[in-house]
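# Secondary and tertiary structure notes
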Amino acid sequence: MSSSLSITKRTRKKRNKLGTSIESLPHALLTEVMAQVASTSLVDLSRLKLSCKYFLQAADDDFVFEHASLDKFYVVWPMTDRHASLFLMRCKKSGNPEALYRQGMHDYFSLGLTNSGFRLLKRAADKKHPEATYVYTIIMLLCCGSQFKKQGFELLGSLKSTYGIRECRTKIRAGVINSLWIRNITVDQHGEYSAETCDCLRTRMRGWDDGLDKLIGSCESCLCVTEVNFFCDLLRSSSCCKEWSF
């Protein structure tokens, strides 16, 4: 009996020592740890939250929701699972780039809320979200006038040199676009995007080239032409596309 009591006391002592050591850490450091875990695995985040009340408190910080991974969640709202829906809404409110991107795509192309969708995509693009940057740039080139062309060239060029435009296209097609019910085809109002007076496109075969990222000698205008027209075709050919007007 005394031996059992001694073991229990030692166990409690160890737990108290652990709790005291964690308690002494700055809240900002605990939040950073939880954010790092959340960015890779929500399952591990849940386990860590259950292990200690200080981790549980730190996990409720907006910084953690901002960096949380959404890979395990269905791409588009609304969701029938209330807890999942609340979690995603908290992520969006906290400025999670992936949450902003998904809601922006849903608003712009499914709900026809173009102003809201464009703002959300811009917020995600400002946070360096590659797919959001790509879509935001395409919309800007199509709908915002010639004064934004230079900025569009720079953004696409940045994607090409850092993340890779081909990777952006693949993720957009396989992820959000194929999950959206496309009802807003604003691109149809603009016809075929052109490079005005440029001979680059005339020297190549028409159509899409998956190796465009590696082509040499194509000007910025031609890169934008190809990307804009590809994205328009992608929307029109979506299996969930319904050309309903708003």
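Refer to the structure printed above.
Residues numbered from 1 in each chain as written. Predicted model: local features only at pLDDT ≥ 70, side-chain atom pairs only at ≥ 80, totals over all residues. Heavy atoms only, no water.

## Digging into the environment of Ala 28
Relative to the assigned elements, Ala 28 resides in helix α2 (residues 27–38). Placed 33 residues apart in sequence, Ala 28 and Asp 61 show a C-alpha to C-alpha distance of 9.5 Å. (Helix = DSSP H or I, 4+ residues; strand = E, 2+ residues; numbered from the N terminus.)

## Quick look at the nonpolar core
Counting 36 residues, the largest nonpolar core has Tyr 101, Met 105, Phe 109, Tyr 134, Val 135 and Phe 231 as its most contacted members. For this core, the element with the highest residue contribution is helix α9 (residues 130–143), accounting for nine residues. Apart from residues lying up to four places away in sequence, Phe 231 is in contact with Phe 109, Tyr 134, Val 135, Ile 138 and Ile 172. Core analysis: the next-biggest nonpolar cluster, separate from the first, contains 23 residues, Ile 22, Val 37, Ala 38 and Cys 52 among them. (Core = buried A, V, L, I, M, F, W, Y, C linked by side-chain atoms within 4.5 Å. Buried < 20%, exposed > 50% of the residue type's maximum accessible area, 1.4 Å probe, protein only. Contact = heavy atoms within 4.5 Å.)

## Topic: the packing of aromatic side chains
Tallied over the full model, the rule gives six aromatic pairs. Between Phe 109 and Phe 231, the ring centres sit 5.8 Å apart and the planes meet at 65°, which makes this aromatic pair edge-to-face. Placement of the pair is Phe 109 in helix α7 (residues 97–111) and Phe 231 in helix α12 (residues 220–236), with a sequence separation of 122 residues. Centroid distance Phe 118 to Tyr 136: 5.0 Å. Interplanar angle 35°. Geometry classified as tilted. (Phe/Tyr/Trp six-rings, centres within 6.5 Å; stacked < 30°, edge-to-face > 60°.)

## A short note on helix α10 (residues 149–161)
Relative to the 18 Å expected for 13 residues at 1.5 Å per residue, α10 spans 18 Å between its end C-alpha atoms, a close match to the ideal helical length. Those residues of α10 not exposed but buried are Lys 149, Gly 152, Phe 153, Leu 156 and Leu 159. Taken around the axis of α10, the buried residues stretch over an arc of 130°, which confines them to a single face. Within α10, the exposed residues directed more than 90 degrees away from the buried face are Lys 150 and Ser 161. (Expected span 1.5 Å × (residues − 1). Arc of directions from axis to C-beta.)

## Some points on the environment of Leu 113
If you trace the backbone, Leu 113 turns up in the loop between α7 and α8 (114–126). Residue class for Leu 113 comes out partly exposed when judged on its relative accessible area of 43%. When neighbours within four sequence positions are excluded, Leu 113 is seen to be in contact with Asp 107 and Tyr 108.

## Examining helix α11 (residues 165–174)
Those residues of α11 lying buried are Ile 165, Cys 168, Arg 169 and Ile 172. All buried residues of α11 fall inside an arc of 95° around its axis, so they share one side.

## Side note on the packing of α8 against α9
Between α8 and α9, the least distance of the axes is 8 Å, while the angle of their chain directions is 130°. When the interaxial angle is binned, α8 and α9 end up oblique. Relative to α9, the crossing made by α8 is left-handed. Between α8 and α9, the residues in contact are Phe 118, Leu 121, Lys 122, Ala 124 and Ala 125 and Ala 132, Thr 133, Val 135, Tyr 136, Ile 139 and Met 140, respectively. (Axes fitted to C-alpha atoms, helices over the stretch in contact; angles between N-to-C directions. Parallel < 35°, antiparallel > 145°, perpendicular 65-115°, else oblique. Left-handed = near helix turned anticlockwise from the far one by under 90°.)

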